[in-house]
Each structure stands twice: as C-alpha cells, then as structure tokens.
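Chain and residue survey
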Amino acid sequence: LGAEVLVIVFLLKVVFMLVLVPSGSMLPTIQKNSVLFCTYIHDVSKVERGQILVFESDELGKNLIKRLIGLPGDSLYAEDGKLYRKEAGKEDFTLLTENYLPEEWDRNNEIAPKAHPLILQENEIFFMGDNRNISEDSRGKYRNLTSEDVVGIVAPWSIACKGFLTALFNIF
C-alpha cells in the first residue's frame, strides 16, 4: 500500500494537478465549480493555440482556466463578434472557427480594431473564456499575464469526464 500512495502523491505533485473551475467564464465547455485534471507544464513552448490552460493569478490567489488564443508574434483583431488571427510568420489573417462559443459576443472593442491589430510581443499570450460576454481575460483585467503564468493544460479526457470527476471529488 505504501508504494501505491507514493506513486499517487508523485503523480499529483509532478504530473497532474486538480483544479476547481472558479467561474462560469468557460461555459458551456466547462461548468462553474467543476473539478478537472490538468497536466503541469514544464516547457511552455509546447502549448498550442486552442488548448485550455490553467493560469496562476497572484491577484486573485487562485487559478484561472481559459482557452489559449494567441502566442508570441501573433496578431489579433475582433469585428462583429468574430475573432481574426494572423499567426507569427504568416501573411494573412484568418477567421477563427470557434464552434465551442455559446453565443455571439459583443466585447470586440476590448481587443483591437482591424486597422490596428494587437501584436503579441515576446512572452505575451492571449487567452479568453468561451463565455466571452462575461469572461475576465486578456481583453482587460488579465492582459498582463504571460507564458510564465501558465501552470497547466486541462487534459481533454478530464473535460469529457467533468461531471464524473466533480461528483467524485464532491464526495470527499
């Protein structure tokens, strides 16, 4: 029994972490108060656009869970509830296909207009909640979070099992 406990403790300290989703900013993808498994990030250069990440917020004293939209060197702008991105090294902007959004969003002016897109500098990342109309993210309050603030990636299987995991951990 001792070895099994050590393996579990090791996995939860080095490989996985459990996070409690603090808000409804990721609805409908992730429900408020869901418990999710995340993998710790040991090399931030391996994160990919579209992944759901865990950020450490010193200001709030808790973790934030948001979708990664842009990486260093990317350019972004929003127009009519649609988000456009030009990836670093590419010539043209493309409309992001975001089938996970619950509704149209209207906070475009908090990113940048087409005439003056936001260009992410070295170490800057841009993240947003899926519930764009209520999410506090890179469009405002958390604009200054960088890749150094990323602590984990939400495991896709954890999202698929979110109801089960939440129910399981609510027992304890």
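Below is a short write-up of the structure. (Residues numbered from 1 in each chain as written. Predicted model: local features only at pLDDT ≥ 70, side-chain atom pairs only at ≥ 80, totals over all residues. Heavy atoms only, no water.)

1. Here's the deal with the overall build of the protein
- Along the protein, the regular secondary structure elements total three helices and 10 strands.
- For the protein, the sequential pattern of α-helices and β-strands runs α-β-β-β-β-β-β-β-β-β-β-α-α.
- Within the protein, the proportion of its 172 residues that are buried is 42%.
- Partitioning the intrachain contacts of the protein with sequence separation of at least 6 by distance along the chain shows that 62% fall at a separation of at least 24.
- Entry remark: accessible area of the protein is about 9500 Å², with carbon and sulfur atoms responsible for 56%. (Helix = DSSP H or I, 4+ residues; strand = E, 2+ residues; numbered from the N terminus. Buried < 20%, exposed > 50% of the residue type's maximum accessible area, 1.4 Å probe, protein only. Contact = heavy atoms within 4.5 Å. Areas by Shrake-Rupley, 256 points an atom, 1.4 Å probe, with all protein chains shown as cover.)

2. As for the pairing of strand β5 (residues 75-79)
- For β5, the buried fraction is high: four of the five residues fall into the buried class.
- As paired strands, β5 and strand β6 (residues 82-86) are joined by five bridges and run antiparallel to one another. When the bridges of β6 are listed, S75 appears paired with K86.
- Two strands pair when backbone bridges link them, and β5 and strand β8 (residues 118-119) are joined in this way by two bridges, in the antiparallel orientation. Bridge pairing links S75 to I119 in β8. (Pairing = 2+ DSSP bridges.)

3. Examining unusual backbone geometry
- Note that the residue after L27, namely P28, is joined by a cis bond; omega there is 0 degrees.
- A positive phi angle, near 70 degrees, is found at N33, a position not held by glycine.
- Examined against the element boundaries, N33 turns out to sit in the loop between β1 (16-20) and β2 (35-40).
- Although it is not a glycine, D80 adopts a positive phi angle of roughly 55 degrees.
- Relative to the helices and strands, D80 is located in the loop between β5 and β6.

4. Regarding the sheet that holds β6
- Pairing in this open sheet of four strands is antiparallel, and the strands run β7-β6-β5-β8 from one edge to the other. The two strands at the open ends of the sheet, each matched to only one other strand, are β7 (94-95) and β8.

5. Here we look at the environment of T39
- In this fold, T39 is placed in strand β2.
- T39 gets classed as partly exposed once you look at its relative accessible area, which sits at 27%.
- Excluding its chain neighbours within four sequence positions, the residues that come into contact with T39 are V15, F16, V151, G152 and I153.

6. Some details on the sheet that holds β2
- Ordered in space as β1-β2-β10-β3-β4-β9, the six strands form an open sheet in which the pairing is antiparallel. Either end of the sheet is taken by a strand with one partner, and the two such strands are β1 and β9 (126-128). With direction set aside, neighbouring strand axes in the sheet form an average angle of 50 degrees.
- Summarising the sheet, β1 and β2 pair through five bridges and their orientation is antiparallel. Counted as the bridge partner of V19 is L36 from β2. (Axes fitted to C-alpha atoms, helices over the stretch in contact; angles between N-to-C directions.)

7. Structural notes on the packing of aromatic side chains
- In the structure shown here, the tally under the stated rule is six aromatic pairs.
- A centroid spacing of 6.4 Å and a plane angle of 80 degrees characterise the contact between F16 and W157, whose relative ring orientation is edge-to-face. Of this pair, F16 sits in strand β1 while W157 sits in helix α2 (residues 156-160), placing them 141 residues apart in sequence.
- Both rings, one in F37 and one in W157, keep their centres 5.4 Å apart while their planes meet at 35 degrees; by these two values the pair is tilted. Separated by 120 residues along the polypeptide, F37 in strand β2 and W157 in helix α2 bring together distant segments of the chain. (Phe/Tyr/Trp six-rings, centres within 6.5 Å; stacked < 30°, edge-to-face > 60°.)

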